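# Results of the structural survey
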Amino acid sequence: MDYDIKDLALAGAGRLRIEWAGRSMPVLNKIKERFKKEQPLRGLRISACLHVTSETANLMTVLKAGGAEVRLAASNPLSTQDEVAAALVKYEKIPVFAIKGEDNKTYYRHLHQALAHEPHLTMDDGADLVTTIHEKKRQLIKNIIGGTEETTTGVIRLRSMARSGVLSYPIIAVNDALTKHLFDNRYGTGQSSIDGILRATNILLAGLTVVVCGYGWCGRGVASRARGAGARVIICEVNHLKALEALMDGYEVKPLREAAVEGNVFITVTGNKNVIRLEHFKRMKTGAIITNAGHFNVEVDLTSLNKISVRRRKIREYVEEYQLPDGRLLHVLAEGRLINLAAAEGHPAMVMDMSFANQALSVLYLKEKGKNLEKKVFPVPETIDREIARLKLSSMGIKIDHLTPEQKKYLQAWKEGT
Ligand code: ADE
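Here's a quick rundown of the structure. From a predicted model like this one, the values you see are computed outputs, not experimental measurements.

A separate point is the site of the ligand. Around the ligand lies a shell formed by H51, T53, E55, T56, L341, E345, G346, H347, M352 and F356. Within the complex, the protein chains bury 94% of what would otherwise be the 260 Å² of accessible surface of the ligand. Secondary-structure elements contributing two or more residues to the shell around the ligand are α3 (54–65) and α15 (349–369). Across the shell around the ligand, the residue classes tally to three nonpolar, five polar and two charged.

In structure tokens:
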């Protein structure tokens, strides 16, 4: 079997991690039981480009249980859990192409290797697989029924491809399902980004000023968890509506130029590039910590920081110290790559359960309906979203109320008023 991982000998430890994560993924486990029985994905070849974590491993085994032939590459050079990659290869016989810390060239070679079986479906996190196919492997397009996309950044790129008329097969935007972004983006990114910062630095957040750039679902989560840990939180936004929401959620809101002089910790979660740049580095206090929780490592302008620094050294794992000519020290975590997966373990299985249930059911939907879909970006069908919420609550033993027949009628009528 073809694969490229760090060390097969790590497989034993990886298997335990996968089992541990699986215990918090009841919805995905239910889908697995059904897939095992019905084999609805039999004959399908899937190329996946996802963070290679214990949660992703559980998704891969679900697809395989459904009869699919899967190949997996990493969606980020720093997020791979090498022992998980080894376990997938050794015990699940799934070809994995991912090594934590791989360089850019290896990263793209791995994407090509994940595509080597000429997939019917693609599963992406950030849209690097889809763009590679469109730019370098167009011959694969004729076989492809459709693809899924896991994250906000990927959905934005794919919508741009659709708008420009270059997207050549339909995509389901898993990110846009309510059971995905309301939980994974908000609570998953919120908790795991703080977790990554703490594991990398061991700082005490209480009493510090934390500046969060971006108040989307991820930013909301990061801000609320930083506040929960006792930090004073400042939000920087470019969108009036989101800035207003942040203000009424009780945060200070101001431009980054002003926040730059006050912050102890800066976290970017915008999906845009050069959010923290020269004009901000110049104003920051010594000791400031700069980190990114957005998908790509473009949010912090490290090229400029490098240029103005007189010295640079790794002061601890995941912490790079930059010394400026006036003696100030700025610290960048995990090379500006997404901190939650680089220095911690990514979102907990409890939320990935819903995200990956959306992935598994979207694959099935594409298999059944993909041929009739236009070459556009589509939402996850609402029936799937609602069913996942129902299954998740039921797995937690939570019951809810139901409308009475009188209430159902009332909601459909319009004559009853004042
Ligand atoms: N994205 C964020 N957290 C993740 C995780 N634990 N596994 C896979 N993808 C992720």
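Counted by the stated rule, this structure contains 28 salt bridges. Its salt-bridge partner being R232, residue E252 comes within 2.8 Å of it at the nearest N-O pair. A residue pair is termed long-range when its members are at least 10 positions apart, and E252 in strand β9 (residues 252–253) and R232 in strand β8 (residues 232–236) qualify at 20 residues. Judged by its relative accessible area of 31%, E252 is partly exposed. One salt-bridge network, in which partners are shared between bridges, spans R17, E83, D195, R199 and E345.

Attention now moves to the side chain of H110. Within the fold, H110 resides in helix α5 (residues 104–114). For H110, the side chain forms a polar contact with the side chain of E102, separated by 2.8 Å. Those residues in contact with H110 that sit more than four places away from it in its chain are D4, A73, F97, A98, I99 and E102.

Moving on to the nonpolar core. The biggest cluster of nonpolar side chains holds 54 residues, and the ones touching the most others in it are L59, M60, L63, V96 and M123. The leading source of residues in this core is α15, at 10 residues. Once residues lying within four places of it in the same chain are set aside, the contact partners of L59 are L28, L50, M123, F356, Q359 and A360. Grouped together as the second largest cluster of nonpolar side chains are 28 residues, A200, A223, A334 and A343 included.

Where burial is concerned, most of strand β2 (residues 69–74) is hidden: five out of the six residues are buried. Where strand β1 (residues 45–50) meets β2, six bridges bridge the pair, whose relative direction is parallel. The residue bridging I46 from the neighbouring strand is V70, located in β2. In the classification by handedness, the crossover that spans β1, the intervening α3 and the parallel β2 is right-handed. As a crossover connection, the stretch from β2 through helix α4 (residues 82–90) into strand β3 (residues 96–97) is right-handed.

So, on to the packing of helix α2 (residues 26–38) against α3. The contact between α2 and α3 brings their axes to 8 Å, and the two run at 20°. When the axes of α2 and α3 are compared, the pair comes out roughly parallel. Crossing hand, α2 versus α3: left-handed. On α3, the residues that touch L28, I31, K32, F35 and K36 of α2 are N58, L59, T61, V62 and A65. Of the residues in the contact of α2 with α3, the class split is six nonpolar, two polar and two charged.

Within the open sheet, the eight strands sit side by side as β9-β8-β7-β10-β11-β14-β13-β12. Their pairing is mixed. Of all the strands in the sheet, the pair left with one neighbour each is β9 and β12 (311–316). Bridge count between strand β13 (residues 319–323) and strand β14 (residues 329–333): five bridges; the pairing is antiparallel. Considered in β14, the bridge of Y322 is made with L330.

Further remarks concern the environment of V238. Along the chain, V238 falls in the loop between β8 and α10 (240–248). Judged by its relative accessible area of 82%, V238 is exposed. A sequence separation of 106 residues divides V238 from A344, and the C-alpha atoms of the two residues are 29 Å apart.

Strands pair in a sheet through their backbones, by hydrogen bonds, and they do so in one of two ways: parallel or antiparallel. Taken in spatial order, the seven strands line up as β3-β2-β1-β4-β5-β6-β15 in an open sheet, and their pairing is parallel. Pairing within the sheet leaves two strands with one partner each, and these edge strands are β3 and β15 (377–379). Strand contacts of α15: β1, β4 (121–124), β5 (146–149) and β6 (171–173), with the helix running at about 160° to β5, the strand carrying the most contacts.

What counts as what
Residues numbered from 1 in each chain as written. Predicted model: local features only at pLDDT ≥ 70, side-chain atom pairs only at ≥ 80, totals over all residues. Heavy atoms only, no water. Near = heavy atom within 4 Å. Areas by Shrake-Rupley, 256 points an atom, 1.4 Å probe, with all protein chains shown as cover. Helix = DSSP H or I, 4+ residues; strand = E, 2+ residues; numbered from the N terminus. Nonpolar A, V, L, I, M, F, W, Y, C, P; charged D, E, K, R; others polar. Salt bridge = Lys/Arg side-chain N within 4 Å of Asp/Glu carboxyl O. Buried < 20%, exposed > 50% of the residue type's maximum accessible area, 1.4 Å probe, protein only. Polar contact = N/O pair within 3.5 Å; in protein donor to acceptor, adjacent residues only side chain to side chain. Contact = heavy atoms within 4.5 Å. Core = buried A, V, L, I, M, F, W, Y, C linked by side-chain atoms within 4.5 Å. Pairing = 2+ DSSP bridges. Right-handed = clockwise from strand over helix to strand, strands pointing away. Axes fitted to C-alpha atoms, helices over the stretch in contact; angles between N-to-C directions. Parallel < 35°, antiparallel > 145°, perpendicular 65-115°, else oblique. Left-handed = near helix turned anticlockwise from the far one by under 90°.

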